[in-house]
Amino acid sequence: MPVNNRIAETHEEMQAWRRDLHQHPELCFEERRTAAIVAEKLRSWGLEVHEGIGVTGVVGVLKGQGTSSRTIGIRADMDALPMQEENEFAHKSTIDGKMHACGHDGHTAILLGAAKYLAETLNFDGTVHFIFQPAEEGGGGGDAMVKDGLFDRFPCDGVYGLHNQPGMPRGTFNVRTGPIMASADTAVMKIRGKGGHAAYPHLTNDPIAAGVQLYTALQTIVARNVGPVDNAVVSVTQFQAGTGINIIPQEATLSASIRAMTAQIRDLVESRIREICAGVAATHGVEITLDYQRRYPSVVNHEKETQIAARAAVEVVGHENVNMDTPIRMGSEDFAFMLEACPGCYFFLGTNDETHFHAVHHPEFDFNDEVLSIGASIWARLVEQQLPRQ
Ligand SMILES: [Zn+2]
Ligand SMILES: [Zn+2]
């Protein structure tokens with residue numbers, strides 16, 4: 001079975017919603033217009049609507065026909081990015097410096113399309129929670145919703161999320177069981193030495209010399225501590241020191257972005273960074289203070305729910321377009337917080353074709369509207385398969 005016919009008929013409508021959202025991008029936790037539109041549409045289709053969860057998050061509750069107590073959560077993210085759009089089409093962003101460059105406008109329209117169809121047909125027995133979350137782009141909106149009691153107030157047997165993927169052919173479903181995206185942490189290492197005259201280095205404790213060795217030692221974590229077939233990244237992205245050419249400074253600061261495939265690797269990398277900082281400090285007679293911040297955990301798909309999502313996708317896009325072994329991405333995604341709190345699955349929906357090939361976060365990116373019906377059909381089939389009528 002390809003795309004659901006009734007959903008395909010709403011293509012123009014979904015496209016209009018998506019393009020309207022694209023014209024009015026809103027950043028992390030500022031998605032007030034978007035959330036209001038989502039809430040208004042869900043209400044108009046008869047859903048029970050809860051607003052202000054995790055600041056600007058919205059949950060729509062739809063009960064099917066029958067008495068089943070089973071539940072499903074489906075999530076879309078709503079936020080845009082602080083960047084200037086370089087497209088010139090009619091639906092380009094109307095707000096300078098803000099742009100839907102990650103396709104969250106599309107994710108929101110897809111989930112609205114699924115909600116409209118399921119509210120009209122009610123061909124399921126159980127409860128669907130439509131979760132529209134804020135602040136995916138670095139704001140931790142998924143975490144905010146979970147901390148605001150998302151799964152206590154709206155329990156879900158499984159929770160599902162999708163992301164468009166311009167790197168994969170249009171209409172392909174790409175998933176894997178276990179880790180699919182990495183954790184993302186930051187480390188800021190402040191080195192305090194003893195400054196002085198460049199001509200008399202023996203009277204100083206040079207923080208630049210310590211910083212260079214720290215940089216080099218950090219490279220050995222991935223090369224010599226993380227297993228060869230495991231995945232981690234330690235990228236030192238900032239190294240700041242010094243004010244004058246004849247001055248050995250008092251301080252130097254290194255900052256790093258850290259990615260890991262699993263919680264165990266994440267723990268290992270963090271503990272090695274701590275040990276290396278202590279070792280370099282002792283070697284150079286400097287003080288190193290480490291500010292290590294755990295930001296997003298890795299996105300880990302549960303096996304059963306991954307099979308469930310794939311089963312729905314097979315019916316919509318066919319076996320030949322379902323890839324169960326997509327490579328892990330070292331980027332991050334705050335759906336991870338939902339998967340820590342509830343079993344579920346996160347997958348990539350391919351969007352690449354002759355006109356849609358820019359990567360997400362590119363200034364000429366635009367969500368490929370041709371997959372709106374595909375995404376909404378996958379959500380609809382997932383609900384109908386998992387919450388069948390008796
Ligand atoms: Zn993004
Ligand atoms: Zn995104």
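Here is what the cut-offs are and how they apply
Residues numbered from 1 in each chain as written. Chains lettered and ligands numbered in written order. Predicted model: local features only at pLDDT ≥ 70, side-chain atom pairs only at ≥ 80, totals over all residues. Heavy atoms only, no water. Donors = N, O, S within 2.8 Å, 3.2 Å for Na, K, Ca; no water. Tetrahedral: all angles 85-135°; square planar, octahedral: opposite > 155°, others 65-115°. Helix = DSSP H or I, 4+ residues; strand = E, 2+ residues; numbered from the N terminus. Patch = residues over 30% accessible without salt bridge, like charges linked within 9 Å, V, L, I, M, F, W, Y side chains within 5 Å. Areas by Shrake-Rupley, 256 points an atom, 1.4 Å probe, with all protein chains shown as cover. Salt bridge = Lys/Arg side-chain N within 4 Å of Asp/Glu carboxyl O. Pairing = 2+ DSSP bridges. Axes fitted to C-alpha atoms, helices over the stretch in contact; angles between N-to-C directions. Contact = heavy atoms within 4.5 Å. Core = buried A, V, L, I, M, F, W, Y, C linked by side-chain atoms within 4.5 Å. Buried < 20%, exposed > 50% of the residue type's maximum accessible area, 1.4 Å probe, protein only. Parallel < 35°, antiparallel > 145°, perpendicular 65-115°, else oblique. Left-handed = near helix turned anticlockwise from the far one by under 90°. Nonpolar A, V, L, I, M, F, W, Y, C, P; charged D, E, K, R; others polar. Expected span 1.5 Å × (residues − 1).

If you check an unreviewed UniProt entry, the protein appears there as Amidohydrolase from Sneathiella sedimenti.

Things to note about the coordination of the zinc ion (ligand 1)
Taken together, the protein ligands of the zinc ion (ligand 1) are C102 (SG), E137 (OE), E137 (OE) and H361 (NE2), with distances of 2.0 to 2.8 Å. Around the zinc ion (ligand 1), the 4 donor atoms sit at angles spanning 52 to 148 degrees, and that spread fits a shape best called irregular. Each donor residue of the zinc ion (ligand 1) lies on the same chain, and together they follow the pattern C-x34-E-x223-H. Separating the zinc ion (ligand 1) from the zinc ion (ligand 2) is a distance of 3.2 Å, and C102 supplies a donor atom to each of them. Residue E137 is found in the loop between β4 (127-133) and α5 (141-147), and its partner H361 is found in the loop between β16 (344-352) and α11 (372-386); the two are separated by 224 residues along the sequence.

Details of a nonpolar patch on the surface
Taken together, the side chains of I208, V212, Y215 and F239 make up a nonpolar region of the molecular surface, amounting to roughly 320 Å² of accessible area. A total of 3 residues in the nonpolar patch trace back to one element, the largest contributor, which is helix α7 (residues 207-225). Structurally, I208 is set in helix α7.

Let's talk about the sheet that holds strand β8 (residues 183-192)
If you trace the 4 strands from one edge of the open sheet to the other, you get β10-β12-β8-β13, paired in antiparallel fashion. Only two strands of the sheet have a single partner each, and these edge strands are β10 (232-241) and β13 (287-296). Each strand of the sheet is rotated relative to its neighbour by a mean of 15 degrees, with strand direction disregarded. Pairing analysis gives 10 bridges linking β8 to strand β12 (residues 251-260), with the strands arranged antiparallel. For K190, the partnering residue across the bridge sits in β12 and is T253. Most of the contacts of α7 go to β10, to which it runs at about 170 degrees, and overall it touches β8, β10, β12 and β13. Those strands touched by helix α8 (residues 263-284) are β8, β10, β12 and β13, and its axis lies near 165 degrees from that of β13.

Observations concerning the nonpolar core
Within the largest apolar cluster, 61 residues are counted, with the highest numbers of intra-cluster contacts made by L42, F130, F132, F173, I378 and W379. Those residues in contact with F173 that sit more than four places away from it in its chain are A309, A310, A313, V317, N321, V322, N323, F347, F348 and I378. Grouped together as the second largest cluster of nonpolar side chains are 28 residues, A210, V286, I288 and Y292 included.

What to know about the packing of helix α4 (residues 104-121) against α11
Relative orientation of the contacting elements α4 and α11 amounts to 45 degrees, with a least axis distance of 8 Å. When the interaxial angle is binned, α4 and α11 end up oblique. Here α4 runs over α11; the crossing is right-handed. For the pair formed by α4 and α11, the contact residues are G106, A109, I110, L111, G113, A114, Y117, L118 and T121 on the first element and L372, G375, A376, W379, A380, V383 and E384 on the second. Looking at the contact of α4 with α11 residue by residue, the classes come out as 11 nonpolar, 4 polar and 1 charged.

Some points on helix α3 (residues 32-44)
The α-helix advances 3.6 residues per turn, and as a result positions three or four apart in sequence lie on the same side. The end-to-end C-alpha distance of α3, which contains 13 residues, comes to 18 Å, matching closely the 18 Å that a straight helix rising 1.5 Å per residue would cover. All buried positions along α3 are accounted for by T34, A35, I37, V38, A39, K41 and L42. Residues of α3 that are buried make contact with α2 (11-23), β1 (48-53), β2 (57-63), α4 and β4. Positive backbone phi, at 95 degrees, marks G46, one or two positions downstream of α3.

Topic: the pairing of β16
Consecutive residues of a regular strand have side chains that alternate between opposite faces of the sheet. With 8 of its 9 residues buried, β16 lies for the most part within the structure. Alignment of strand β5 (residues 158-169) against β16, held across 8 bridges, turns out to be parallel. When the bridges of β16 are listed, V159 appears paired with G344. Where strand β6 (residues 173-174) meets β16, 2 bridges bridge the pair, whose relative direction is antiparallel. Residue F173 lies in a different strand from β16, and its bridge partner there is L349.

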